[in-house]
Amino acid sequence: MDAAAFLTLRPAKRAALRTARQRLTLARGPVGLSLGAALTEPLPRTPRQWGALLLLAALPLLLVVALSHWLLMGWHAVLLGWAPRLGLPLERGASDALVWRALDAGALPGGPLVLAVAALAVLAVFTASLWLPARHQLGRRLLWALCAVQAVAVLLAVGRPDLLPQSPTAYLSTLLHAGFYLMLTLPVLLALGLSALKMGWAARLGFMAAVLAYFALMLPHKMLLLALLFQWLPMVWAPLLFVLLGVVADLLVFLALFAVLSVSRPVAR
């Protein structure tokens, strides 16, 4: 038997080694090292450390709770202020804070033609993902997940359309409140993550305030983008847009901001 056959790696082994090499390269990068070390840092153990952690999380959390009413009213004011300039049919309602003025077929789940187009789009994206090379396995799985979300939305529109948002304003209101609840969890997540970095109290509180201010300004303008999209898209696309521009996207933005900070700050030992 040829000795070279024993030294030649099979395609499966070569692919496994290539994947392991890519993961090792990512982990050795500054973002991978800093973020990985911060997320795997053990929790505080002494009562003093726990007290400092709880106090660090409580201060911005109480501030968000105290300003919750003005925060939501400010978001609605931003939407209503930009609506006439962007041609959006939004107005202030009697019972609801926002009302979509011209509720037409574009704001409903969609008719048979709309659902057929959505189903064909899902099938086309899924088929195209099968042609991606093996090195893009992560991108392929991401496309599969998005296709699954949209396929479920089409099935719901056919069988249970009442489970989908019936108007853009109900959808925007849900996303605004979801964003607010995310802001309530950010102080806890930030306190846990920043406890693993060498930062003083002032720097930690300053970074937490900057992240909360960013989300407070970003959320209403993201709702304006969704409102512009729903002038042309039926509500059958709402679940997919929730994934792409909703809480999932907000969490990815939060992780990216924390990763940027972790690169410039050493890990506490």
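Here is what the cut-offs are and how they apply
By convention here, each chain's residues receive numbers from 1 onward along its written sequence. Only residues with pLDDT of at least 70 are given local features in this predicted model, and only at 80 or more are side-chain atom pairs given and counted; all residues enter the totals for whole chains, interfaces and linings. Note that water and hydrogens are dropped before the side-chain values are worked out from all heavy atoms of the structure. The way it works is that DSSP assigns letters per residue, a run of H or I at least four long becomes a helix, a run of E at least two long becomes a strand, and they are numbered from the N terminus. Burial here depends on accessible area, computed with a 1.4 Å probe over protein chains only, as a share of the maximum for the residue type. Under 20% is buried, over 50% is exposed, and the range in between is partly exposed. As used in this structure description, the phrase polar contact means that two N or O atoms lie within 3.5 Å; if the pair is within protein, one of them must be able to donate a hydrogen and the other to accept it, and residues adjacent in sequence are counted only when both atoms belong to side chains. Any pair of residues with heavy atoms lying within 4.5 Å of one another is described as a contacting pair. Throughout, an axis means a line fitted to C-alpha atoms (over the contacting stretch in the case of helices), and angles, computed between N-to-C directions, take values from 0 to 180 degrees. Orientation is classified from the angle alone, with under 35 degrees giving roughly parallel, over 145 giving roughly antiparallel, 65 to 115 giving roughly perpendicular, and any other angle giving oblique. Helix crossings get a hand from a simple test, with the near helix turned counterclockwise from the far one by less than a right angle marking a left-handed crossing and a clockwise turn marking a right-handed one. In this tally, Lys and Arg are treated as positive and Asp and Glu as negative; His is ignored, and so are the chain termini. Within this document, salt bridges are pairs made up of a side-chain nitrogen of Lys or Arg and a carboxyl oxygen of Asp or Glu, the two lying within 4 Å of each other.

## Thoughts on the side chain of Gln150
Tracing the chain through its elements places Gln150 in helix 7 (residues 137–159). Given the relative accessible area of 1%, Gln150 is considered buried. Here Val236 takes part through its backbone oxygen, which lies 3.2 Å from a polar atom of the side chain of Gln150. If we skip the residues at most four places from it in the chain, Gln150 touches Ala118, Val122, Val236, Trp237 and Leu240.

## Points about the packing of helix 5 (residues 68–86) against helix 9 (residues 201–229)
Following both chains from N to C, one finds helix 5 and helix 9 inclined at 40 degrees, their axes separated by 10 Å at the closest point. Here helix 9 runs oblique to helix 5, going by the angle between their axes. In the packing of helix 5 onto helix 9, the handedness of the crossing is right-handed. From helix 5, Leu71, Trp75, Val78, Leu79, Trp82 and Leu86 reach across to helix 9, where they touch Ala216, Leu219, Pro220, His221, Met223, Leu224 and Leu228.

## Remarks on the side chain of Arg140
Within the secondary structure layout, Arg140 lies in helix 7. Although Arg140 lies buried, it forms no salt bridge, and the closest oppositely charged side chain, Asp250, sits 28 Å away as judged by the N-O distance. With sequence-adjacent residues up to four places away left out, Arg140 is seen in contact with Ser129, Leu130, Leu132, Pro133 and Ala134.

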